[in-house]
Amino acid sequence: MASVKICGLTRESDIEEAIKAGADRVGFVVVPTSPRAISHEQLSILANRTYNRRLGGWAQVWVVADWSAANRSPADKLDALINELNEVHTVQLHGGETPEDVADFKRRVPRVKVVKALGVATAEDLAQVDAYRAADAFLLDAKAPKGADRQGGFGRSFDWSILNGFNPGKPWVLSGGLTPENVEEAIRISGAVAVDVSSGVEASPGVKDPAKVRAFVKAAKSVV
């Protein structure tokens with residue numbers, strides 16, 4: 001039975017629906033170029049409200065991109081928000097962060113779990129994980145289209161069969177192009193024990209379709 005994250009949430013009602021459907025994690029995107037982006041102020045509000053429901057702070061994933069030790073302004077803002085809320089969170093680095101950036105983030109906020117998102121197109125791309133050992137887990141997403149203004153969130157999939165037998169020694173999550181109709185097949189082919197979905201359960205960017213959310217969670221958790 002796979003763990004499920006519903007990502008790209010922008011509304012409290014959608015958080016409630018995801019929790020009711022049985023999602024294990026919810027994701028908030030703080031990437032300005034994303035159509036599902038929310039501000040730091042919105043993040044603070046939604047994160048606090050989520051914490052008081054069935055899902056605790058540990059089950060919130062904050063998606064940021066191009067966090068860099070050399071780019072202090074966004075880094076300091078994120079650190080301040082984490083400290084302000086004083087909860088245990090997971091941060092997903094979904095940009096062009098270097099292995100050094102990931103290690104630096106872990107040093108700055110060691111109590112926060114870090115997931116490094118990596119773009120995948122071929123089996124050779126899986127070798128990237130070796131350089132990012134400072135991360136606590138990995139999210140494997142399809143590579144972004146050439147010239148894209150962000151690294152993920154395009155609803156694209158890749159050949160799941162290249163993940164069969166994949167074992168980086170740390171938890172990993174399958175993402176990219178998943179829908180209620182294909183998630184069961186994706187899990188069976190790839191062997192994933194955790195999946196992430198955003199556009200595949202939407203009515204429009206940033207607005208989730210409750211029926212699709214329920215169907216996705218049910219399908220993902222039907223695989224044993």
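Before any of the text, the structure's been laid out above.
Residues numbered from 1 in each chain as written. Predicted model: local features only at pLDDT ≥ 70, side-chain atom pairs only at ≥ 80, totals over all residues. Heavy atoms only, no water.

What about the overall build of the protein?
Secondary structure assignment for the protein yields six helices and ten strands. Across the 224 residues of the protein, 52% fall into the buried class. Across the protein, every contact between residues at least 6 apart in sequence was considered, and the portion connecting residues at least 24 apart equals 59%. Summed over its atoms, the accessible surface of the protein is roughly 9800 Å², and 51% of this surface lies on carbon and sulfur atoms. (Helix = DSSP H or I, 4+ residues; strand = E, 2+ residues; numbered from the N terminus. Buried < 20%, exposed > 50% of the residue type's maximum accessible area, 1.4 Å probe, protein only. Contact = heavy atoms within 4.5 Å. Areas by Shrake-Rupley, 256 points an atom, 1.4 Å probe, with all protein chains shown as cover.)

Section: the packing of aromatic side chains
Tallying each qualifying case throughout the model produces one aromatic pair. Taking NZ or CZ as reference, Lys116 lies 5.4 Å from the ring centre of Tyr132, over its face. (Phe/Tyr/Trp six-rings, centres within 6.5 Å; stacked < 30°, edge-to-face > 60°. Lys NZ or Arg CZ within 6 Å of the ring centre and 35° of its normal.)

Topic: the nonpolar core
Counting residues in hydrophobic clusters, the biggest one holds 58 residues, and the most contacted among them are Ile6 and Leu174. In contact with Ile6, not counting residues within four places along its chain, are Ala18, Ala23, Arg25, Val26, Gly27, Val197, Val201, Lys208, Val213 and Val217. Counting six residues, the second largest nonpolar core, distinct from the first, contains Val115, Ala137, Leu139 and Val173. (Core = buried A, V, L, I, M, F, W, Y, C linked by side-chain atoms within 4.5 Å.)

Things to note about the side chain of Glu202
Mapped onto the secondary structure, Glu202 falls in strand S9 (residues 202–204). For Glu202, a relative accessible area of 8% corresponds to the buried category. Reaching out from Glu202, the side chain makes a polar contact with the backbone nitrogen of Gly206 at a distance of 2.9 Å. (Polar contact = N/O pair within 3.5 Å; in protein donor to acceptor, adjacent residues only side chain to side chain.)

Topic: the pattern of salt bridges
One side chain can pair with another of opposite charge once the charged atoms of both are near each other. Scanning the entire structure with this criterion turns up 13 salt bridges. Close ionic contact of Lys106 with Asp136 constitutes a salt bridge, the shortest N to O distance being 2.8 Å. Here Lys106, found in helix H4 (residues 99–108), pairs with Asp136, found in the loop between strand S5 (113–120) and strand S6 (137–142); they are 30 residues apart in sequence, far enough to count as distant. A relative accessible area of 16% places Lys106 in the buried class. In this structure, Arg133 engages Asp130 in a salt bridge whose closest nitrogen and oxygen atoms are separated by 3.1 Å. Take Arg133: its relative accessible area is 35%, and that puts it in the partly exposed class. Residue classification places Asp130 among the exposed positions, given a relative accessible area of 51%. Several salt bridges share partner residues, and in doing so they unite Glu17, Lys20 and Arg214 into one network. (Salt bridge = Lys/Arg side-chain N within 4 Å of Asp/Glu carboxyl O.)

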